[in-house]
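Structural characterization, general
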Amino acid sequence: PVPPMPDPLEKFTKTGFREALGINDRLQDAAATGAGLLSEHKTQSAIAVLEQAYQEVKKSGRPVDSSLAGAVALNLATAYLQANAGDKAIAMGQEALNYFKTAKDSVGQSQALHAMGAGAMKAGQARQAKSWLTKASETLKKAAVPSEVKTGEMKAFPLARQEDASAEFQAQGVSVLK
């Protein structure tokens, strides 16, 4: 059994004293909080949390975990998609893509390309969307992923499923290969 905490130290556990979080810890918290807010469709709140964390990364000049920074940027791209801000989703998708390339994270790269494609669809750029969505699919196929992960089942962007994208491409006069 663990011995009881000495009385002089116990008061610190009850006064709100906490160790200062490093930037990676804050990014992790922001990513989790942002994802939770997105799942609850609290888009503007998610954008506020994620933008603040992302700006801190940009301003700090300190090294950050590329995977975490990519996740925050990807979650922010997703929030912009929910807010129908296609151009902002594209920009944050590109930021996420850059971080995931640094981290050599192929699945993350595929997700970032997917976000960019969905953003392009929202921005009315069907040809660009098709290019990014195709590249996302190719990148995911090349990635070493568990067999239960299947191309085309990226649940973060239900409006950019292949069937929806194909119908949108056809409506805009872009040929779709089957």
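Residues numbered from 1 in each chain as written. Predicted model: local features only at pLDDT ≥ 70, side-chain atom pairs only at ≥ 80, totals over all residues. Heavy atoms only, no water.

Position of T139 relative to the elements: it lies in helix α7 (residues 126-142). The contact partners of T139, leaving out residues within four places of it in the chain, are S106, Q109, S110 and L113. (Helix = DSSP H or I, 4+ residues; strand = E, 2+ residues; numbered from the N terminus. Contact = heavy atoms within 4.5 Å.)

Attention shifts here to the packing of aromatic side chains. Applying the stated criterion across every chain, the model contains one aromatic pair. Both rings, one in Y54 and one in Y99, keep their centres 6.4 Å apart while their planes meet at 90°; by these two values the pair is edge-to-face. Of this pair, Y54 sits in helix α3 (residues 43-60) while Y99 sits in helix α5 (residues 86-102), and the two are 45 residues apart along the sequence. Accessibility classification places Y54 together with Y99 in one group, the buried group. (Phe/Tyr/Trp six-rings, centres within 6.5 Å; stacked < 30°, edge-to-face > 60°. Buried < 20%, exposed > 50% of the residue type's maximum accessible area, 1.4 Å probe, protein only.)

For the rest of this paragraph, the subject is α7. Over its 17 residues, α7 extends 24 Å from the first C-alpha to the last, a length consistent with the 24 Å expected when each residue adds 1.5 Å. Along α7, the residues classified as buried are A126, A129, W132, L133, A136, T139 and L140. Summarising the axial view, the buried residues of α7 lie within an arc of 150°, below the 170-degree limit, and thus occupy one face. Along α7, exposed side chains directed more than 90 degrees from the buried face belong to R127, K141 and K142. (Expected span 1.5 Å × (residues − 1). Arc of directions from axis to C-beta.)

Turning our attention to the side chain of N75. Topologically, N75 is positioned in helix α4 (residues 66-82). On the basis of relative accessible area, N75 is assigned to the buried category, the value being 17%.

Two elements in contact, α3 and α4, have axes whose closest approach is 9 Å; the angle formed by their N-to-C orientations is 150°. On the basis of the axis angle, α3 is roughly antiparallel to α4. For the element pair α3 and α4, the recorded crossing hand is left-handed. Taken together, the residues of α4 that come into contact with α3 (itself represented by T43, I47, L50, E51, A53 and Y54) are A69, V72, A73, N75, L76, A79, Y80 and Q82. (Axes fitted to C-alpha atoms, helices over the stretch in contact; angles between N-to-C directions. Parallel < 35°, antiparallel > 145°, perpendicular 65-115°, else oblique. Left-handed = near helix turned anticlockwise from the far one by under 90°.)

Let us now look at the packing of α5 against helix α6 (residues 106-122). Close contact between α5 and α6 brings their axes to 8 Å; oriented N to C, the two are set at 165°. Between α5 and α6, the interaxial angle falls into the category roughly antiparallel. By crossing handedness, the relation of α5 to α6 is classed as left-handed. Where α5 abuts α6, its residues G86, A89, I90, G93, Q94, A96, L97, F100 and K101 lie against G108, Q109, A112, L113, M116, G119, A120 and K122.

Counting 39 residues, the largest nonpolar core has L27, Y54, V72, L76 and M92 as the members making the most contacts within it. Residue assignment for this core shows that the elements contributing at least two residues are α2 (23-39), α3, α4, α5, α6 and α7. Tallying contributions element by element places α4 first for this core, with ten residues. Residues within four places of L27 in sequence aside, it is in contact with A53, V57, V64, L68, A69 and V72. (Core = buried A, V, L, I, M, F, W, Y, C linked by side-chain atoms within 4.5 Å.)

A few words now on the environment of K142. Examined against the element boundaries, K142 turns out to sit in helix α7. Taking the relative accessible area as the measure of exposure, K142 reaches 74% and is therefore exposed. Each C-alpha atom, one on K142 and one on V107, is 9.2 Å from the other, the two residues being 35 residues apart in sequence.

Before going further, it helps to examine unusual backbone geometry. Positive phi values are uncommon outside glycine, yet N84 reaches one of about 60°. If you trace the backbone, N84 turns up in the loop between α4 and α5. Take N84: its relative accessible area is 57%, and that puts it in the exposed class.

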